[in-house]
Structure formats: C-alpha cells, structure tokens
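Residue-level structure breakdown
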Amino acid sequence: MIKMRKIRVLIAKPGLDGHDRGAKVLARALMEEGFEVIYTGIHQTAEDIVRTAIEEDVDVIGLSILSGAHMYHFTRVLELMKKNNLNDVLLIGGGIVPTDDKEKLKNMGVAEIFMPGTPIKEISEFIRKNIKRPLE
Amino acid sequence: MINDVNNKMEISKLITKIENHDDELSTWAIKNIKGAQIIGITGVFGSGKSTIISKLALKYLAENKKVAILGIDPSSPFSGGAVLGDRIRMKELNKYDNVYVRSLSSRGKIGGLSYFTADVVNLFDALGYDIIIIETVGSGQDEVDIYNIAHTVVVIHVPTLGDEVQVIKAGQMEIGDIFVVNKADQGPADEKVREIETLITPKNNGWSPKIVKTVAIRNQNIDELKNLIDEHYKFLKENNLLKEKLILRIKYLIKQHLNYKLDNIMNSTLSDQIAEKLLKDKDVKSSVNELLKILGDNYGKGGNI
C-alpha cells in the first residue's frame, strides 16, 4: 500500500464580497474529491489568507471573487506569497473575471481562473496535475 | 530537528510530517515535552466550541502566553476528504503572532480526534507553546478520546437540546471537568444548568466538576470559564496529578500508533483474503492470530505496509 498524503486546499473569499455560495459549493465538492479543504469564510484580508496558508501548510490557495476587485486582491496575495516564500503553493481563482484580466492575472502568476459553469472535475483534475509538491 | 521555533513555516511542515506518521519526529517531540497546559473543548456541532476557543485564546494571549489551537473536523467515509471550517470563528486571532491555529481532519478515526493528534500536541509542547487548546470533532455522546489527552476537558452544552435523560447517559457527560451552557441567552439555560447539576459528583481524583453559563459571541462569562480551567489545572498540579495525565496521554499515543497500523492492514486487500478464508475454512481465533502475525511481520521488524 503506497502512502499518499492528502492534498490540502484553502478556499478563501477576500475583501468585501459576501457571495459565498460558489466557494461553499466548491469546498464541499473538493472534499468529495478527497481533498482536505480549509474554508475560512468571507471578508478575508490578503494577510489573513497568506497566514492561514502558512499555518495550514496548503498545496493550493483558491480565491473566490465576485466583487470585481480581483486585480487588487490577486496582486496583494501574490505579493505576500512571494514575501513569505510560498513558492510551492499553487494560486488559483474563480468568479466573474473579464477575459482580458484573466490573461493579465495568469501572466502575473495565477495558475488558472475558473469561470462560472466550470465542471468541478475540471478544477480537481487541474489541482491534481499542477500542485507543486510531491504527494510521495 | 528544528532550527527556529518561531518560524511558522517550519512548524507548519513539521505538523504535516507528524500528521502523516513520522515515528522519529514523534519521539523527538516526546523527549522535548516542556509541560504545556492542554485544554480540550468538546460538544455537539454548532454549540459554539470554535467561538469559545477564540475568546479563551485572547485571554491567554493577554497574559503573554503562546497559544496553539488544534481544530479537528470529520473526514468523509467515502472520499477521505474533509471540510475544515473551525477557523471561520477565529478570525480575530489573525492579529496576533503568538497564536498558531491548525485544522486537522479526523482521517477516518472515530472518537473525536485524529490518529496523530497526541503527537501534534506533543510537538507544540516541545516547541514551547504554553497553552494548547484542542477542539474535537463536533460530537454527540461517544467522543471521549479527548479525556486521554487534555488536562482539562470542557464539555459545551446549549439550552433546549435534549431532556434530562440525555445528561444521565454514559459517555461524554462523564468526562467533563467543566460544563458550559453556551448560548445562554437562547432558551432555558437555567434549566439545563439544573439538569447538569443533578448529575455532578466528585471525580475519583477529588475534583468536583463546575458549571458556567456563557454567551461566547458576546464574550460573556469567558473570564469565569478561563478561571475555572486554570483552577482545575492548579488542582491537578497541587495534587501531583500532572504526571498521571502525561502517562495517560502517552499510553493513548502508543495505542493510536498501533490502531493506525492495524487499520492500514484492515483497509488493505490482506484483510479481504483473511475474511474469505474465515468464511470458508478458518475460525475466528486463527484469523485474528493471522492478522496479529501480519501486524508483527510488517511492523515488528521495521517493515512498512
């Protein structure tokens, strides 16, 4: 029997955005995919998010943003991730993000942005393929 | 084993290691136990455990103590995954450097904790944390494992749930050193207090369990709760009972390491073969012995299954 560690995912909602249905659905769905999902609720600051990522030793940070402030929040989280050497953590996002911004974010270092209607399997497969640490 | 005990990133990796079974690190932690105060918080889901812990942590932080919080949530029996949501109620702690919050999945273990919770506790103790607060899986009646790890077990109740028969049942009502009736502003809290009072008798070690009403979300009576917890710890200390608690914790740890290995075997195809053989021509006793032999062969000689 090969011992595989669990993939740990932080699902967070940054800033003033109370629309958490999507984040909760995703948290639940990724649990059903066998991941350990840390869900921290709404109104998180970038500092909260990165601190949680460090304390929980996650493989993935997933930001759910429907407020339109995605450029600001992703930039700030990326900044703090760099500052804290979270180089082996995958940053992904979901929500309503214009296509132009999506490209910009990906160039900045966000691994992927998932738009409304994305099948859950696509997200879980993306995570399995792209996490940066070995599962041993 | 560790270079910088203040480096959260480093601590974080160590927890992951010990949580995924690392005998060497577990041993290191035991050898370096300094004697942290360990508080266990248990109770039905939604009773306010996480909120109470957050408020308690603030009190200990105000005394310049280093606080570690372990929040355990259940794993899925189907996928093995988990949603870990205890941190949601602890957002206010993010302002403080001297607190570390870690969420653990129960990873298939029943009893309210995970296989390696005792190891994580020892690790935080060894790293110099003064207070370790453990939040069990939101529990019903049978989650009593916390009794083996914590110095003080706090059982959280809420008004309105259950009649007086619930409190005379075996299990969780027996392990509480302190009982809390939280959400005391919602429903007949005094009635619940009276129900609990009728059952309280001094424990074998001489401690009389205490009851306190709280409204955690509004910080009401959290000082009283903290004082009772510290009073109980002082009682253990003055009566030389801390050693006894430590032995209990280490015994529990050894048992969980064994359980983990046994469960690994039972979750492998080896157990299918043994079950099939038992159905055909074996007897229960020889099947169990065969399993014990597998356990010994695989682990006793340093092997790994």
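An account of the accompanying structure is given in this report. (Residues numbered from 1 in each chain as written. Chains lettered and ligands numbered in written order. Predicted model: local features only at pLDDT ≥ 70, side-chain atom pairs only at ≥ 80, totals over all residues. Heavy atoms only, no water.)

Residue and element names in this part refer to chain B. The biggest cluster of nonpolar side chains holds 43 residues, and the ones touching the most others in it are Leu123, Phe124, Ile132, Ile134 and Ile149. For this core, the element with the highest residue contribution is helix α4 (residues 117–126), accounting for six residues. Other than its neighbours up to four places away in sequence, Leu123 contacts Leu14, Ile15, Ile18, Leu25, Trp28 and Ala29. (Core = buried A, V, L, I, M, F, W, Y, C linked by side-chain atoms within 4.5 Å. Buried < 20%, exposed > 50% of the residue type's maximum accessible area, 1.4 Å probe, protein only. Helix = DSSP H or I, 4+ residues; strand = E, 2+ residues; numbered from the N terminus. Contact = heavy atoms within 4.5 Å.)

Before going further, it helps to examine the interface of chain A and chain B. Taken residue by residue, the interface counts 33 residues in chain A and 35 residues in chain B. Here chain A meets chain B over a buried area of about 2600 Å², counting both sides, of which 47% is carbon and sulfur. Between chain A and chain B we count seven salt bridges in total. Counting the contacts that link chain A with chain B gives 24 residue pairs in polar contact (both at pLDDT 80 or more). The set of elements that each furnish at least two residues to the side of chain A that touches chain B consists of α1 (21–32), β2 (36–39) and α2 (46–56) of chain A. The greatest single-element share of the side of chain A that touches chain B, amounting to six residues, is contributed by α2 of chain A. For the side of chain A that touches chain B, a count of residues per class yields ten nonpolar, eight polar and 15 charged. Inspection of the sheet shows β2 of chain A paired to strand β3 (residues 82–84) of chain B by three bridges, in the parallel sense. Its bridge partner lying in β3 of chain B, Ile38 of chain A is registered against Leu84 of chain B. (Buried area = accessible area lost by both parts, 1.4 Å probe. Salt bridge = Lys/Arg side-chain N within 4 Å of Asp/Glu carboxyl O. Polar contact = N/O pair within 3.5 Å; in protein donor to acceptor, adjacent residues only side chain to side chain. Nonpolar A, V, L, I, M, F, W, Y, C, P; charged D, E, K, R; others polar. Pairing = 2+ DSSP bridges.)

Moving on, we get to the pairing of strand β4 (residues 90–95) of chain A. Residues and elements named next belong to chain A. With six of six residues buried, β4 is to be regarded as a mostly interior element. Of the two faces of β4, both are covered, the one formed by Leu90, Ile92 and Gly94 as well as the one formed by Leu91, Gly93 and Gly95. Inspection of the sheet shows strand β3 (residues 60–65) paired to β4 by six bridges, in the parallel sense. Along β4, the bridge assignment pairs Gly62 with Ile92. For the handedness criterion, the β-α-β arrangement of β3, helix α3 (residues 70–83) and β4 is classed as right-handed. For β4 and strand β5 (residues 112–114), the ladder comprises three bridges, and the chain directions are parallel. (Right-handed = clockwise from strand over helix to strand, strands pointing away.)

Residue and element names in this part refer to chain B. Note that Asp73 resides in strand β2 (residues 67–73). Buried and unpaired, Asp73 has no salt bridge, with Lys49 as the nearest side chain of opposite charge at 7.1 Å. Look past the residues within four positions of Asp73 in its chain and what remains in contact with it is Val83, Leu84, Gly85, Asp86, Leu104, Ser105, Ser106 and Val137. (Lys, Arg positive; Asp, Glu negative; His and termini not counted.)

Another aspect to go through is helix α1 (residues 8–19) of chain B. If you check α1 of chain B, its first and last C-alpha atoms are 16 Å apart, about what twelve residues at 1.5 Å a residue would give, namely 16 Å. Taken together, the buried positions of α1 of chain B are Lys8, Ile11, Ser12, Leu14, Ile15, Thr16, Ile18 and Glu19 of chain B. Those residues of α1 of chain B hidden inside the fold are in contact with β1 (8–12) and α2 of chain A together with α2 (23–31), β4 (99–105) and α4 of chain B. Where α1 of chain B begins, the capping side chain belongs to Asn7 of chain B, and its oxygen is found 2.9 Å from the backbone nitrogen of Met9 of chain B. (Expected span 1.5 Å × (residues − 1).)

The next thing to look at is α3 of chain A. All names here are of chain A. With 14 residues, α3 extends 20 Å between its outermost C-alpha atoms, agreeing within 8% with the 20 Å of an ideal straight helix rising 1.5 Å per residue. Among all positions in α3, only His70, His73, Phe74, Val77, Leu78, Leu80 and Met81 are buried. Down the axis, α3 shows its buried residues gathered within 165° of arc, on one side only. Away from its buried face by more than 90 degrees, α3 exposes Tyr72, Lys82 and Lys83. Of the surrounding secondary structure, the elements contacted by the buried residues of α3 are α2, β3, β4, α4 (99–108) and β5. Asn85 sits one or two positions beyond α3 and adopts a positive phi of about 60°. (Arc of directions from axis to C-beta.)

By the secondary structure assignment, Arg51 of chain A is in helix α2. Among the residues examined, Arg51 of chain A registers a relative accessible area of 13% and is labelled buried. Distance in space between the C-alpha atoms of Arg51 of chain A and Glu103 of chain A is 27 Å, their sequence separation being 52 residues. Apart from residues no more than four positions distant in its own chain, Arg51 of chain A is found in contact with Lys8, Leu93, Asn94, Lys95, Tyr96, Asp97 and Val99 of chain B.

What follows deals with the packing of helix α3 (residues 49–62) of chain B against helix α8 (residues 222–238) of chain B. Residue and element names in this part refer to chain B. α8 packs onto α3 with a crossing angle of 75° between their chain directions and a minimal axis gap of 10 Å. If you check the angle between α3 and α8, you find them roughly perpendicular. Contacts between α3 and α8 pair Ile52, Lys55, Leu56, Lys59 and Tyr60 from the former with Ile222, Asp223, Leu225, Lys226, Ile229 and Asp230 from the latter. (Axes fitted to C-alpha atoms, helices over the stretch in contact; angles between N-to-C directions. Parallel < 35°, antiparallel > 145°, perpendicular 65-115°, else oblique.)

All names here are of chain B. Of all seven residues that make up strand β1 (residues 37–43), seven are buried, and the element is covered over most of its length. Across the two faces of β1 the burial is the same, with Gln37, Ile39, Ile41 and Gly43 and Ile38, Gly40 and Thr42 all buried. Sheet topology note: the β1/strand β5 (residues 131–135) ladder contains five bridges and is parallel. When the bridges of β5 are listed, Gln37 appears paired with Ile131. In terms of strand pairing, β1 meets strand β6 (residues 152–157) through five bridges, oriented parallel. Within β6, the position partnered with Thr42 by the bridge is Val155.

Residues and elements named next belong to chain B. In this structure, Pro159 sits in the loop between β6 and α5 (164–167). Separated by 25 residues in the primary sequence, Pro159 and Ala184 place their C-alpha atoms 6.7 Å from one another. Sequence-distant contacts of Pro159, that is, excluding residues within four places in its chain, are made with Val181, Asn182, Lys183, Ala184, Gln186, Gly187, Pro188, Ala189 and Lys192.

Our focus in this paragraph is the pattern of salt bridges. One pass over the structure, following the stated rule, counts 39 salt bridges over all chains. Across the pair Glu63 of chain B and Lys226 of chain B runs a salt bridge, and its minimum N-O distance is 2.7 Å. Remark: Lys226 of chain B occurs in helix α8 and Glu63 of chain B occurs in the loop between α3 and β2; sequence separation between them is 163 residues. Salt bridges linked by common partners bring Arg8, Glu36, Arg51, Glu55 and Glu56 of chain A together with Lys8, Glu19, Arg87 and Arg107 of chain B together as one network.

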